[in-house]
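Geometric and topological summary
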Amino acid sequence: MPDPRILILTATPVEAAPLVDRISGANAAGNRVTGMLGGTPVRVLVPGPGPVNTAMALTAVMEKTLPALVLQTGCGGGFAQAGINKGDVVVATEMIDVQSGVEPATPPDIVDALPFPVLKTPAGEITNRYPADIRLADTACRAARNAPMATGCGAAMGPIGSVVTITATDLRAQALFDRFGLCMEAMEGAAAAHVCLHYGVPFLEIRGASNIAGRRDRADWDIPLAATNAAISVCAFIAEWTKRPEACDGKC
Ligand SMILES: O=C(O)c1cccc(C(=O)CC[C@H]2O[C@@H](n3cnc4c(=O)[nH]cnc43)[C@H](O)[C@@H]2O)c1
């Protein structure tokens, strides 16, 4: 098996399952599965939910070998205000750490941005917004729109917010939408983007909406639908990405 060219992160096993089902020659060890997706060697890593698990696991991998690309996938809460329905796929144009900042003058409003960067890169300083590679995001969104997702499900591009507190009121969802124009919230994207920027590895976040962000109705969540549509979109994106000359990096 060649070195995995693409590292795919999902927070939980239930989100990884539809991806792992599509891997040929799968070889599982601990929280990792390696194998081929289409003609591309991949590794699926399942670090557990949240930014700390993600950053720890991703850093451990990066310290050994740098993949050509990291994909964060799984499910998330879609924003109805952005036209997202349950089952739709969102490709991030930006990963926003929406809870990192300074307490606002009028709590419980959304925080103001930090007055200092959390990361300095050659391309600029990051406080809480990690820009995506728009060419990659555009390729992923087109691939998702042409992919055989469940009937009625679509794909959109837009900001994905990263939270450590899952939004559970319509008031909070509206405030997040008004401030950041979010299409989706989840927990891990900003942490993964941070680690990838640090190591200079391209990163993309592709998620399916398991629920609508806002008033919490756990009975209405559909994680398998969201994870399956995300996995279908990830496979479609990889098939396109592999055609790009820079994807090979002289090794394929
Ligand atoms: O909340 C629950 O009750 C729950 C129970 C079982 C499993 C899960 C998950 O697997 C979700 C984990 C994963 O999902 C992302 N996610 C999905 N929807 C949202 C959301 O509305 N806000 C924030 N994160 C969401 C998140 O990235 C988690 O890692 C949940």
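Here, the structure is the one placed above.
Here is a short report on the structure shown in this document. This structure is a prediction, so every number in the text was calculated from the model and none was measured. (Residues numbered from 1 in each chain as written. Predicted model: local features only at pLDDT ≥ 70, side-chain atom pairs only at ≥ 80, totals over all residues. Heavy atoms only, no water.)

1. What about the site of the ligand?
Selection rule: Neighbouring residues are identified by heavy atoms, a residue being near a molecule or strand if any of them is within 4 Å of it. The term polar contact refers here to a pair of N or O atoms within 3.5 Å; inside protein, the definition further demands a hydrogen-donor-capable atom paired with an acceptor-capable atom, and it admits residues adjacent in sequence only when both atoms are side-chain atoms. For accessible areas, the Shrake-Rupley method is used with a probe of radius 1.4 Å. Any residue's cover is judged against the shown protein chains and nothing else. Runs of H or I in DSSP of at least four residues are treated as helices and runs of E of at least two as strands, each being numbered from the N terminus. Asp, Glu, Lys and Arg are counted as charged, while Ala, Val, Leu, Ile, Met, Phe, Trp, Tyr, Cys and Pro are counted as nonpolar; the rest, among them Gly, fall into the polar class.
The immediate surroundings of the ligand are formed by 20 residues, with Glu185, Glu188, Asn211, Arg216 and Arg218 found nearest. Contact distances for the ligand include 2.9 Å between a nitrogen atom and a side-chain N or O atom of Asn211. Protein chains shield 82% of the accessible area of the ligand, which is 610 Å² for the free molecule. Where the shell around the ligand is concerned, the elements lending two or more residues are strand S5 (69-78), strand S11 (184-186) and strand S12 (203-212). Counted by class, the shell around the ligand contains nine nonpolar, five polar and six charged residues.

2. Side note on the environment of Ile160
The cut-off we apply is this: Buried residues are those whose accessible area, probed at 1.4 Å on protein chains only, stays under 20% of the maximum for their type, while exposed residues exceed 50% and partly exposed ones sit between those limits. Contacts: residue pairs with any heavy atoms within 4.5 Å of one another.
For Ile160, the location among the structural elements is in strand S10 (residues 155-162). Overall, the relative accessible area of 0% leaves Ile160 in the buried class. Non-local contacts of Ile160, meaning those with residues more than four positions away in its chain, are made with Val90, Ala92, Glu94, Met95, Ile96, Leu182, Met184, Glu185, Ala186 and Glu205.

3. Examining the pairing of strand S4 (residues 40-45)
Spelled out, the test is: For two strands to pair, DSSP has to find at least two bridges joining them.
In terms of burial, S4 is a largely internal element, six of the six residues being buried. A two-sided burial pattern is seen for S4, the buried positions comprising Thr40, Val42 and Val44 on one face and Pro41, Arg43 and Leu45 on the other. Inspection of the sheet shows strand S1 (residues 6-9) paired to S4 by four bridges, in the parallel sense. What sits directly across from Ile8, in S4, is Val44. In terms of strand pairing, strand S3 (residues 32-37) meets S4 through six bridges, oriented antiparallel. Within S4, the position partnered with Val33 by the bridge is Val44. Remark: two residues form the turn of the hairpin made by S3 and S4, two consecutive strands paired antiparallel; Gly38 in that turn has positive phi of roughly 65 degrees.

4. As for the packing of helix H1 (residues 13-20) against helix H6 (residues 223-241)
Convention followed: In this analysis an axis means a line fitted to C-alpha atoms, helices contributing only their contacting stretch, and an angle means the value between N-to-C directions, from 0 to 180 degrees. Angles are sorted into four bins: roughly parallel if under 35 degrees, roughly antiparallel if over 145, roughly perpendicular if 65 to 115, and oblique for all others. Helix crossings are classified by the rotation of the near helix relative to the far one: an anticlockwise turn of less than a right angle makes the crossing left-handed, while a clockwise turn makes it right-handed.
Remark: H1 packs on H6, axes separated minimally by 8 Å, with the N-to-C direction vectors making an angle of 45 degrees. With respect to H6, the axis of H1 lies oblique. Of the two elements, H1 crosses H6, and the hand of that crossing is right-handed. Residues Val14, Glu15, Pro18 and Leu19 of H1 touch H6, and the partners they reach there are Ile223, Ala227, Thr228, Ala231, Val234 and Cys235. Residue classes in the contact of H1 with H6 are distributed as eight nonpolar, one polar and one charged.

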